[in-house]
Amino acid sequence: MGADMDRAGDRTDGDGADGAAMSSAEHADTARVARRDDAVRAAVEQGLVTPDHPIAALLDVRGIRASAAALHAAFAAVTAPGTPVLHAFAVKATPLVPVLRLLGEEGIGAEVASPGELALATAAGIPPERTVLDSPAKTPAELRQALALGVAVNADSPQELERLDAQVRSAPTGSPLGIRVNPQIGGGSIEALSTATATSKFGVALRDEGARAWIVRAYADRPWLTRLHTHSGSQGMPLELMARGVAETYALAEEINRHVGRHQVDTVDIGGGLPVDFGSDSMAPTYAQYARLLREAAPGLFDGRYGLVTEFGRSLLAKHGTVLARVEYAKSAGGRAVAVTHAGVQIATRTVYAPGSWPLRIAAYDAKGRPKTGPDVVQDVAGPACFAGDLLAEGRPLPLLEQGDHVAALDTGAYYFAHHYAYNSLARPGVYGFVPAGDTPRFAVVREPQTLAEIVEESGGARADSLTDL
Ligand SMILES: *Cc1c(COP(=O)(O)O)cnc(C)c1O
């Protein structure tokens, strides 16, 4: 717990009556779509996307701020006054320093899972007290650095706890420390993202023989263990299942505290995982809905005795990112219209390799970046990479895309364009944030487009002779 966590009651902008909340949510969705359309047109007009730079990524700064505010408000509305709440953004969702800084300004910290992510959070100015380190494979050096900084650490395994034992003995630390548990409540619709299955690689498996007793003893032996952590999964998890995972973790915190006879576990880290609707412009489920469901599932967790940490990633950023790409060629094959664009596997790796789990909406824009109209034609939206499966969308009804038009891959602000896949040495696109400003949005560079020199350099360009000289 710390002074820099939210205090419930600081914010009063919770949503009101259900009817009013519905219409204001719809209004917000409509406004977001309008901002996106304006940004696409301006990106074409202002030359962010050109024949020579045929792809760019756009981030809606106002939308990101609104999601951060909605997250604060949702938990403020369900926690007892004075409850410390730290919202730590899962950096892996959008590992871009200006994004972390923006969220930091909105009072959101960072959940990091590697030295690289910790370096990004540090570069963004996220203070250690608002940073949480979770990873299943932390090295002794990483643990030492986190403890020296005062970053919170959740041990993922008994072996990692032994390493913490040694380090805590050798140097005092201000880091809040806990153990990650896997409540083994089962998986969601996407196996690769389900972290609470019986055999998940994450955390201490709570239902395994002897595990519960081991955990209780581990806390009894270590008065410095004050947190419990769980993260039951990401996209594809039903909310009820996630809530059950949190409720089981809360019950374990109560059991530990009863056993040791004091309030040793003072904070529960409930992870992230709120799913995103990739099929429409709706922001549902909302943070407010999830927070209410959590309070129903574990009322005692919200009565003021426990501090809370959350680790949302996708739900904070996904809806606020758009990949915009030119249609280089329009062709036809076997009676199927195919738009060959510059957005493919390099920015939408999951969608291309697992289209069933990760469908993306595609919006069609004309050569000037205006929404394209016309009768729907079933077509493929292909990427630039040299393999047949490089399709953003297959058999998708859209106004017929023509050479020089643009396509937008929607809801790509998390786990997409910031997760470049270097297939075919395709360059990382530039990322631009935008805010409405009078008639046309104003842009800021978040990340420059990758240059050819950078591609050569990261491909061993400085060591061209290393093999021939060997
Ligand atoms: C990935 C991850 C998150 C964030 O998940 P989202 O689905 O993006 O909200 C949070 N905590 C941990 C431990 C994670 O691995």
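What counts and what doesn't
Numbering of residues starts from 1 in each chain and follows the order in which that chain's sequence is written. Residue-level local features of this predicted model are given only where pLDDT is at least 70; pairs of side-chain atoms are given and counted only at 80 or more, and the full residue set underlies all totals for whole chains, interfaces and linings. Working from all heavy atoms in the structure, the side-chain values ignore hydrogens and water. Cavities and pockets were defined on a 1 Å grid built over protein atoms only: a cavity is a set of grid points that admits a 1.4 Å probe from which the probe cannot escape, a pocket is an open set flanked by protein on both sides within 12 Å along at least five of seven lines, and lining residues are those with an atom within 4 Å of any such point. Grid points are joined across faces, edges and corners, and a volume is the space filled by probe spheres set on the points. Amino acid classes used here: Ala, Val, Leu, Ile, Met, Phe, Trp, Tyr, Cys and Pro are nonpolar; Asp, Glu, Lys and Arg are charged; the rest, including Gly, are polar. Definition of nearness: a residue and a molecule or strand are near each other if at least one heavy atom of the residue lies within 4 Å of the molecule or strand. Pairing of N or O atoms within 3.5 Å defines a polar contact, subject to two protein rules: one partner must be a possible hydrogen donor and the other a possible acceptor, and residues neighboring in sequence count only if both atoms are side-chain atoms. Per-residue and other accessible areas were derived by the Shrake-Rupley procedure at a 1.4 Å probe size, with only the shown protein chains allowed to occlude residues. Start and end points for every domain follow an automatic or database-based domain assignment. Whether two residues touch is decided by their heavy atoms; if any such pair falls within 4.5 Å, the residues are in contact. By definition, the buried area sums, over both parts, the 1.4 Å-probe accessible area that each loses when the two are put together. Definition used for salt bridges: Asp or Glu carboxyl oxygen within 4 Å of a side-chain nitrogen of Lys or Arg. We call a set of buried residues a nonpolar core when its members are Ala, Val, Leu, Ile, Met, Phe, Trp, Tyr or Cys and they connect through side-chain atoms within 4.5 Å of each other. Between buried and exposed lies partly exposed: a residue is buried under 20% and exposed over 50% of the maximum accessible area for its type, with that area taken using a 1.4 Å probe on protein chains only. Under the DSSP-based scheme used, a helix requires at least four consecutive residues in state H or I and a strand at least two consecutive residues in state E, with every element numbered from the N terminus. Axis lines are fitted through C-alpha atoms, for helices just across the contact stretch, and the angle between N-to-C directions can take any value from 0 to 180 degrees. By the definition adopted for this analysis, an angle is roughly parallel if under 35 degrees, roughly antiparallel if over 145, roughly perpendicular if from 65 to 115, and oblique otherwise. By the definition used in this description, the sense in which the near helix is turned from the far one sets the handedness, with an anticlockwise turn below a right angle giving left-handed and a clockwise turn giving right-handed. Centres within 6.5 Å make a pair out of two Phe, Tyr or Trp rings, where for Trp the six-membered ring is used; the pair is then stacked when the planes are under 30 degrees apart, edge-to-face when over 60, and tilted otherwise. The criterion for strand pairing is that DSSP finds at least two bridges linking the strands in question. A helix's residues, less one, multiplied by 1.5 Å, set its expected span.

A. View of empty space enclosed by the protein. Counting across every chain of the model gives 1 cavity of 30 Å³ or more. Lining the largest cavity we find R32, R35, R36, D60, K319, H320, G321, T322 and F434. Considered class by class, the residues forming the lining of the largest cavity number 1 nonpolar, 3 polar and 5 charged.

B. How the structure looks around the site of the ligand. Close to the ligand lie 14 residues, the nearest being K92, S234, G273, E311 and Y415. Between the ligand and E311, the relevant distance is 2.7 Å, taken from a nitrogen atom to a side-chain nitrogen or oxygen of the residue. Contacts to the ligand include R314, whose backbone N or O atom sits 2.8 Å from an oxygen atom. Coverage of the ligand by the protein amounts to 94% of the 390 Å² it exposes when considered alone. A per-class count over the shell around the ligand returns 3 nonpolar, 5 polar and 6 charged.

C. Region of the structure containing the domain arrangement of the protein chain. Parsing the protein chain into structural domains produces domain 1 (77-312) and domain 2 (319-458). With centres defined by C-alpha atoms, the gap from domain 1 to domain 2 works out at 34 Å. Of the residues lining the interface, 17 residues belong to domain 1; the matching set on domain 2 comes to 19 residues. By the criterion of area lost to domain 2, the three top residues of domain 1 are A93, L96 and F278, representing 38% of everything that side buries. Remark: the boundary between domain 1 and domain 2 carries 1 salt bridge. Between R361 and D281 there is a salt bridge, with its nearest N and O atoms 2.9 Å apart.

D. Molecular detail of the nonpolar core. F75, L301 and L317 are the most contacted members of the largest nonpolar core, which has 108 residues in total. Counting residues per element, this core draws most heavily on helix α8 (residues 239-260), at 10 residues. Domain assignment of the residues forming this core places at least three in each of domain 1 (77-312) and domain 2 (319-458). Not counting the four nearest positions on each side in its chain, L317 is found in contact with L59, I64, F89, T94, V99, L103, G413 and A414.

E. Representation of the layout of surface pockets in the model. When its volume is computed, the second largest pocket comes out at roughly 520 Å³. What lines the second largest pocket is a set of 31 residues, and nearest its centre among them are K92, T195, F202, H231 and S234.

F. Quick peek at the packing of helix α2 (residues 61-78) against helix α3 (residues 97-105). Interhelical geometry of α2 versus α3 gives an angle of 45° and a closest axis separation of 10 Å. By the criterion of interaxial angle, the relationship of α2 to α3 is oblique. Regarding α2 and α3, the two cross each other, and that crossing is right-handed. Contact residues: V61, I64, R65 and A68 in α2; L102, L103 and E105 in α3.

G. Structural context of the pattern of salt bridges. Evaluated as defined, the whole model comprises 21 salt bridges. Of the charged contacts, one joins E105 and R65 as a salt bridge, the two residues approaching to 3.0 Å between their closest N and O atoms. One end of the pair, E105, is in helix α3; the other, R65, is in helix α2, with 40 residues separating them in the sequence. Taking the relative accessible area as the measure of exposure, E105 reaches 60% and is therefore exposed. Measuring nitrogen to oxygen at the nearest pair gives 3.2 Å for the salt bridge that ties D411 to K319. In this pair, D411 is assigned in the loop between β17 (406-409) and β18 (430-435) and K319 in the loop between α10 (314-317) and β12 (321-333), connecting sequence segments 92 residues apart. Residue D411 is classed as buried on the basis of its relative accessible area, which comes to 1%. What emerges from the salt-bridge pattern is a single network uniting R36, D281, K319, R361 and D411.

H. Spatial organisation of the packing of aromatic side chains. Per the counting criterion, the structure on display carries 10 aromatic pairs. Measuring from ring centre to ring centre gives 5.8 Å for Y250 and Y306, while their planes differ by 85°; the resulting arrangement is edge-to-face. Placement of the pair is Y250 in helix α8 and Y306 in the loop between α9 (287-297) and β11 (307-310), with a sequence separation of 56 residues. In this structure, Y250 and Y306 share a single accessibility class: buried. Ring centres 5.1 Å apart and planes at 65° place the aromatic pair Y287 and F312 in the edge-to-face group. Residue Y287 is found in helix α9, and its partner F312 is found in the loop between β11 and α10; the two are separated by 25 residues along the sequence. Both residues of the pair, Y287 and F312, belong to the buried class. Aromatic rings pair up to connect F75, Y287, Y290 and F312 into one cluster.

I. Layout of the packing of helix α5 (residues 140-149) against helix α6 (residues 158-170). Put simply, α5 and α6 touch, their axes get as near as 10 Å, and they point 50° apart. The pairing of α5 with α6 is recorded here as oblique in orientation. Crossing angle aside, the handedness with which α5 passes α6 is right-handed. Only E160, R163, L164, Q167 and V168 of α6 make contact with α5, whose side of the interface consists of P140, L143, R144 and L147. Across the contact of α5 with α6, the residue classes break down as 5 nonpolar, 1 polar and 3 charged.

J. Summary view of the pairing of β18. Counting buried residues in β18 gives 5 out of 6 residues, a clear majority hidden from the surface. Direction of pairing for strand β2 (residues 55-60) relative to β18: parallel, over a ladder of 5 bridges. Its bridge partner lying in β18, L59 is registered against G433. Pairing of β18 with strand β19 (residues 442-447) involves 5 bridges; the strand directions are antiparallel. Note on β19: the bridge partner recorded for G433 is A444.

K. Representation of α6. Compared with the 18 Å implied by 1.5 Å per residue over 13 residues, the 19 Å span of α6 between its first and last C-alpha is a close match. Every buried residue of α6 is accounted for by E160, L161, L164, D165, Q167 and V168. Summarising the contacts, the buried residues of α6 are in contact with α5, β6 (152-155), β7 (177-182), α7 (211-221) and β9 (225-229).

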